[in-house]
There are 2 protein chains.
Amino acid sequence: MMLVKNAMEPLVAEVLNDNWQLINMPCKCEQCKNDVFALALNLIPPRYVSKANGYAYVKAQYFDKQMHANILVKIGEATRKVSEQPQCDNYTKEGVNA
Amino acid sequence: MMLVKNAMEPLVAEVLNDNWQLINMPCKCEQCKNDVFALALNLIPPRYVSKANGYAYVKAQYFDKQMHANILVKIGEATRKVSEQPQCDNYTKEGVNA
């Protein structure tokens, strides 16, 4: 089977986890966090690697202050989108069905 | 833990597997196939989803003849790149170290 991995996934996860407490959102449930994570990844060009050491290479080569800042900006954009329309049960159940 | 998935991964894998026998490359080992897979994914905007049914939604919504054609074009570009510089053991051991 084919095995590849987008090296941006663990990098974005790291930045998101490090900053999650500071992020201001109407809902901070796990689903909304996942939505921010997914949306941020859609805003960042992927860097798929096909080897076990590929992630370490990408992190060493590209994960500098500039990339950290870029990821934070994209997380901010994703946070705004999710905040405008939370898709989690806390909102969709009360908002749409109630 | 956060769980997200790029819905393009299984779609590109499907198109690559369906066409792998027809693709002309100097090396068709598993590593070269993974390299084509990873490079093709880097050429295609990601569509990360955060829910279990997200992949089915993306496939139903977007996987038409046009997307199939677009994916094939990107696989073609990736195939050319990997063919020019295969990174698998068959090539790097003989070429660089021999």
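Everything that follows concerns the structure shown earlier in this document.
This text gives an overview of the structure that appears in the document. The shown structure was predicted, so the numbers you read here are calculated from the model rather than taken from an experiment.

Many descriptions give the size of an interface as the accessible area lost when the pieces come together. Across the boundary between the two partners, chain A contributes 26 residues, which contact 26 residues of chain B. Between chain A and chain B, a total of about 2100 Å² is buried, with carbon and sulfur atoms accounting for 54% of that surface. At the boundary of chain A and chain B, one finds 14 residue pairs in polar contact (both at pLDDT 80 or more). Secondary-structure elements contributing two or more residues to the side of chain A that touches chain B are helix 1 (8-19), helix 2 (30-42) and strand 2 (48-49) of chain A. The class makeup of the residues in the side of chain A that touches chain B is 13 nonpolar, seven polar and six charged.

Side-chain pairs of opposite charge can arise whenever the charged atoms involved come near each other. All names here are of chain A. Applying the stated criterion across every chain yields a total of six salt bridges over all chains. Across the pair Lys 59 and Glu 14 runs a salt bridge whose closest N-O atoms are separated by 3.1 Å. Taken together, the residues span a long stretch of sequence, with Lys 59 in helix 3 (residues 54-62) and Glu 14 in helix 1 at a distance of 45 residues. Residue Lys 59 is classed as partly exposed on the basis of its relative accessible area, which comes to 28%.

In this section: the side chain of Thr 79 of chain B. Here Thr 79 of chain B is to be found in helix 4 (residues 65-84). Aside from chain neighbours lying at most four places away, what touches Thr 79 of chain B is Ile 23, Asn 24, Met 25 and Val 36 of chain B.

Moving on, we come to the relation of the copies chain A and chain B. Both copies of the chain are related by one operation, a rotation about an axis with a shift along it. With an RMSD of 0.0 Å, the fit of chain A onto chain B corresponds to turning through 180° and sliding 0.0 Å along the axis. Such values leave the two copies arranged in the relation of a two-fold axis. A shared interface surface links the copies, since 100% of the contact residues of chain A are contact residues in chain B too.

Definitions and limits used
Residues numbered from 1 in each chain as written. Chains lettered and ligands numbered in written order. Predicted model: local features only at pLDDT ≥ 70, side-chain atom pairs only at ≥ 80, totals over all residues. Heavy atoms only, no water. Contact = heavy atoms within 4.5 Å. Buried area = accessible area lost by both parts, 1.4 Å probe. Polar contact = N/O pair within 3.5 Å; in protein donor to acceptor, adjacent residues only side chain to side chain. Helix = DSSP H or I, 4+ residues; strand = E, 2+ residues; numbered from the N terminus. Nonpolar A, V, L, I, M, F, W, Y, C, P; charged D, E, K, R; others polar. Salt bridge = Lys/Arg side-chain N within 4 Å of Asp/Glu carboxyl O. Buried < 20%, exposed > 50% of the residue type's maximum accessible area, 1.4 Å probe, protein only. Least-squares fit on C-alpha atoms with pLDDT ≥ 70 in both.

The analysis is restricted to geometry; functional conclusions fall outside its scope.
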